[in-house]
Amino acid sequence: MKKTEKLIAALATMALGVLLLIMKGDMISILMTVVGVAAIVLGVIDLINKAVPAGVVKIVVGLLIILFGWVLVSAVLYILGAILIIVGILVLYELIKKCTKLVLSDWSSILKYAKPVVCILIGLLLFFSGFEWVFILAGIITVIEGSLILIDALKND
């Protein structure tokens, strides 16, 4: 990637991260609207090109995304939360079942038990709390990623 391309990618990535931090959940609504409109436009283009079945399907999918996009995102996040809780409980159960003794001074033992507990906590947060923290975390990670791309672009002169 050229230096100018890296600079543009870095700035775009950081801008996306800042938008995620500022707009939080509204970002998904905007994204769903853009994807829905794009599907509708592609459907209209298919209709113009005489591909009627594909065009109708794309238009219907675009309308469904615009109308019910947030419901889909919420459902996926709830399902992900439930899966994380179940996996965390199962892993923790297997660890407890295999364990003969727990040595709390041993970091590997602590980390072994911490991983499923963190998995359960993230699942509970997804399941019972608002989703805004997901967007805040994604925004922070995206800004960091953009900063790393920028540093790489400026470093390679």
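Shown above is the structure to which this text applies.
Residues numbered from 1 in each chain as written. Predicted model: local features only at pLDDT ≥ 70, side-chain atom pairs only at ≥ 80, totals over all residues. Heavy atoms only, no water.

Asks: Describe the pattern of salt bridges, with residues and values.
Replies: Close approach of charged atoms allows side chains of opposite charge to pair. One pass over the structure, following the stated rule, counts 3 salt bridges. Residue Asp46 pairs with Lys58 through a salt bridge whose shortest N-O separation is 2.7 Å. In this pair, Asp46 sits in helix H2 (residues 26–48) while Lys58 sits in helix H3 (residues 52–98), placing the two residues 12 residues apart along the sequence. With relative accessibility at 15%, the residue Asp46 sits in the buried group. The exposure class of Lys58 is partly exposed, given its relative accessible area of 33%. Among the salt bridges present, the one from Lys97 reaches Glu94, with a minimum N-O distance of 3.6 Å. Within this pair, Lys97 and its partner Glu94 are both found in helix H3, separated by 3 residues, close to a single helical turn. Overall, the relative accessible area of 52% leaves Lys97 in the exposed class. (Salt bridge = Lys/Arg side-chain N within 4 Å of Asp/Glu carboxyl O. Helix = DSSP H or I, 4+ residues; strand = E, 2+ residues; numbered from the N terminus. Buried < 20%, exposed > 50% of the residue type's maximum accessible area, 1.4 Å probe, protein only.)

Asks: Hey, could you go over helix H1 (residues 3–23) for me, with residue numbers and the actual values?
Replies: Between its first and last C-alpha, H1 extends 30 Å over 21 residues, near the 30 Å set by a 1.5 Å rise per residue. In this fold, the buried residues of H1 make contact with H2 and helix H5 (132–155). Where H1 ends, the next residue or the one after it, Lys24, has phi of about 45°, a positive value. (Expected span 1.5 Å × (residues − 1). Contact = heavy atoms within 4.5 Å.)

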